[in-house]
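Each chain is listed here by its residues.
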Amino acid sequence: MIDTPRTSHEPRTPGRRGRSALRNALVVGATLALAAAGTVTALTGTASAASTLAGAAAEQGRYFGTAIAAGRMGESDYMSVLNREFDSITAENAMKWDALQPSRNSFNFSTADRIANHARSQGMKLRGHTLVWHSQLPSWVTSLSTNDLRSTMNNHINRVMGQYKGQVHSWDVVNEAFEDGSSGARRNSVFQQRLGNGFIEEAFRTARAADPDAKLCYNDYNTDNWNHAKTQAVYNMVRDFKSRGVPIDCVGFQAHFNSGNPVPSNYHTTLQNFADLGVDVQITELDIAGSGSSQAEQFKGVTQACLAVSRCTGITVWGVTDKYSWRSSDTPLLFDGNYNKKPAYQGVMEALGGSDGGGTTGGTDGGTDGGTTGGGDTASCTVTYEQTERWGDRFNGRVTVRAGSAPITNWSTTVTVSSPQKISATWNGTPSWDSSGNVMTMRPSGNGTLAAGSSTSFGFTVMANGNWNAPRLGSCTAS
C-alpha cells in the first residue's frame, strides 16, 4: 500500500510531497531485468544518431510526447522546445469534461481545437485526455438521475470523439476508476454510484462506435507496482474485458513518481504482464521528483522498461518545463525553468540510443531555431509511419518527416511494401520506384525545406491484396 498522497494532475496546488533524494536503487532491479528482453524493430530511420527525444524514440519504434497547456502556446521558447523535441501531444486540461462541456449540451471546443490543430500542423500524434473521469467534472453532472447520467455520459463521449474523429491516436476513455489502498475496489464516483461496475464497459463500447480507428485506453496512477492491489484490480478488469470482447486497446500508466512512490523494481514486469493480455501499454503522464543523477537514473530506467516491452508504444512526460509543471517545486521534468536540458534528459537519450548534440540549451535564443547545441547542427531527419484509414481492400499510410537539430533543405526516404501489396497513389511527395515496384523512394514536392525540429508529411494508398502488413521505412537522409 502506498502511504503518500496520490499524485494528481489537477490544476490546483498538489498536496504534500517528499523532497528527499529519490531512491534510484529501486530502479537498478528494473534496469537489470531488461537485459533479457528482445529488441524491437522500428518503423523509422535516421541518417545519424537522433538528436531529439522524438527522433531517438522513433528510432526505437516509439513516440515521445508531452502534455501542453494552450495558454503557454504564445511563448516562443515553449513552442520551440515542443516542436523540436516531441512528436505527440496531450492536452493537459483542455479536453477534460469541465473544459469541453461546462453546462449541459453546451460544448466549447475552441481551446482544445487550438491544440489539435497544432498537432496536425506539425505532424504530431494527438492523445485524447480524458472522456470519463470523476474529477474536473462540472457540478451539474453529479446531480443527474441514473438514466440522465447514462445518456449524458454517452452523449459526451460521442460529441467529443466526433469532434476529433480521425485526429486522435489514443483516447483515455476512462480515467482513475479504482481506489488506492489494499481493497482493489472501484472508486466511489458519481458514475460508480449511479451506473455501477458496468459504466466502464459501456463507455468503451460507446467509444468504439464513436471512432473505430482510435486506440481506446484505460488510464490510472499508482498501478506501477505489480504487487499492489490496485494494479491487480485493473489487470483483472482488462483481462475480463479481453476475454469477453469488450473493446479495449491500451492501458495508460501515469507514472508520477517521488521519494515516497519511486519507480518500483518490478515496473518492467507490470508493463509486460499487461501487454501479454493483448493490449498496448503507454506511459502517459511521466514526471519524477528530484534532480541530478538520481532523477536521471529513474527516467532512464522507465525508458528502458518501455523499450523492453514490444507493446509499449510510447512515453508522454507531463509537461515541457519544470516552471509550468503542476508540481513545479519538485522539478520533475526533462527541461528546467530556462528550457535547459537536465541530466534527466540525457538519461532518457542514453536509454533511447540518441545523441543530445553535445549541448544543454533549450529554447533560450528567442525560439527561432530551438536553441544551439554544440556539434549537433549537421543535417539530419527522422521518419515515422502511421496508418490513417483502412477499407476492405486497401489502406492509407502517412509518413512524417521531421528535421533534426538543424534546418534542412532537402530529404528523402524509402517505403517498402510486401508483395503482393502495391502502392496505387501518393500525395505531398515525388516518388520513384525500383525494378520490383515494391520499394518507393520519396522526395519532396515543394516541402523539402524544414526548420530545426519542424516536420512535413506525405501519404500513399496501398492495395493490400490480402496482405495487411505495415510498410517498412528506410533511413531518412537530409541535406
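About the thresholds
- Residues numbered from 1 in each chain as written.
- Predicted model: local features only at pLDDT ≥ 70, side-chain atom pairs only at ≥ 80, totals over all residues.
- Heavy atoms only, no water.
- Helix = DSSP H or I, 4+ residues; strand = E, 2+ residues; numbered from the N terminus.
- Expected span 1.5 Å × (residues − 1).
- Buried < 20%, exposed > 50% of the residue type's maximum accessible area, 1.4 Å probe, protein only.
- Contact = heavy atoms within 4.5 Å.
- Disulfide = S-S within 2.5 Å.
- 1 Å grid on protein atoms, 1.4 Å probe; cavity = no way out; pocket = protein on both sides within 12 Å on 5 of 7 lines; lining within 4 Å.
- Points joined across faces, edges and corners; volume = space filled by probe spheres on them.
- Domains from an automatic or database assignment.
- Salt bridge = Lys/Arg side-chain N within 4 Å of Asp/Glu carboxyl O.
- Phe/Tyr/Trp six-rings, centres within 6.5 Å; stacked < 30°, edge-to-face > 60°.
- Axes fitted to C-alpha atoms, helices over the stretch in contact; angles between N-to-C directions.
- Parallel < 35°, antiparallel > 145°, perpendicular 65-115°, else oblique.
- Left-handed = near helix turned anticlockwise from the far one by under 90°.

S.K.: Talk me through helix α10 (residues 229–244); I want residue IDs and the actual numbers.
M.R.: The terminal C-alpha atoms of α10 lie 23 Å apart, and with 16 residues this matches the ideal 22 Å at 1.5 Å per residue to within 8%. Along α10, the residues classified as buried are Lys 230, Thr 231, Ala 233, Val 234, Tyr 235, Met 237, Val 238 and Phe 241. Those residues of α10 that are buried are in contact with α9 (198–210), β6 (215–220), β7 (250–253) and α11 (267–275). Positioned one or two residues after α10, Gly 245 has a phi angle of 80°, which is positive.

S.K.: Before we move on, could you go through the state of the cysteines and cite the residues and values that matter?
M.R.: Counted by the stated rule, this structure contains three disulfides. What pairs with Cys 217 in a disulfide is Cys 250, and their sulfur atoms sit 1.9 Å apart. With the S-S dihedral at roughly -80°, the linkage between Cys 217 and Cys 250 falls on the left-handed side. In this pair, Cys 217 sits in strand β6 while Cys 250 sits in strand β7, placing the two residues 33 residues apart along the sequence.

S.K.: Please give an account of unusual backbone geometry that cites residues and values.
M.R.: In the segment running from His 129 into Thr 130, the intervening peptide bond is cis, with an omega of 0°. As for its placement among the helices and strands, Thr 130 is situated in strand β4 (residues 125–133). Note the cis peptide between Ser 419 and Pro 420, where omega equals 10°. Within the secondary structure, Pro 420 is located in the loop between β13 (411–416) and β14 (422–427). Although it is not a glycine, Ala 255 adopts a positive phi angle of roughly 60°. Tracing the sequence through the fold places Ala 255 in the loop between β7 and β8 (256–257). Take Ala 255: its relative accessible area is 0%, and that puts it in the buried class. The phi dihedral of Tyr 339 is positive, around 65°, even though this residue is not glycine.

S.K.: Mind laying out the layout of surface pockets, listing which residues take part and the relevant values?
M.R.: There is about 1500 Å³ of room inside the largest pocket. For the largest pocket, the lining is made up of 50 residues, of which Lys 125, His 169, Tyr 385, Glu 386 and Gln 387 are closest to its centre. When contributions to the lining of the largest pocket are tallied by element, the ones reaching two or more residues are α2 (53–59), α5 (110–121), β4, β10 (312–317), β11 (381–390), β12 (394–403) and β17 (455–463). It is β11 that contributes the most residues to the lining of the largest pocket, eight residues altogether. The two domains that each donate at least three residues to the lining of the largest pocket are domain 1 (53–352) and domain 2 (381–478).

S.K.: Can you explain the pattern of salt bridges? Please cite residues and give values.
M.R.: All told, the structure shown has 20 salt bridges when counted by the stated rule. Note that Glu 386 is salt-bridged to Lys 125, the shortest N-O span being 3.7 Å. Placement of the pair is Glu 386 in strand β11 and Lys 125 in strand β4, with a sequence separation of 261 residues. Taking the shortest distance from any N to any O, the salt bridge between Glu 202 and Arg 150 comes out at 3.0 Å. With Glu 202 in helix α9 and Arg 150 in helix α7 (residues 146–163), the pair connects residues that are 52 residues apart, well separated along the chain. Classification of Arg 150 as partly exposed rests on a relative accessible area of 29%. Through salt bridges with shared partners, one network takes in Glu 201, Arg 205, Asp 240 and Arg 244.

S.K.: Could you give me a rundown of the packing of aromatic side chains, with the residues and numbers involved?
M.R.: If you walk through the whole model with that rule in mind, you get 19 aromatic pairs. With centroids separated by 5.9 Å and ring planes inclined at 80°, the aromatic side chains of Phe 109 and Tyr 164 adopt a geometry described as edge-to-face. Of this pair, Phe 109 sits in the loop between α4 (97–100) and α5 while Tyr 164 sits in the loop between α7 and β5 (170–175), and the two are 55 residues apart along the sequence. On the basis of relative accessibility, which here comes to 11%, the residue Phe 109 falls in the buried class.

S.K.: Any details on the packing of α9 against α10? Residues and values, ideally.
M.R.: One can describe the packing of α9 onto α10 by two numbers: an axis separation of 12 Å at closest approach and a directional angle of 50°. The angle between α9 and α10 falls in the class oblique. Seen from above, α9 lies across α10 with right-handed handedness. Facing α9, whose interface residues are Ile 200, Glu 201, Phe 204 and Arg 205, α10 presents Met 237, Phe 241 and Arg 244.

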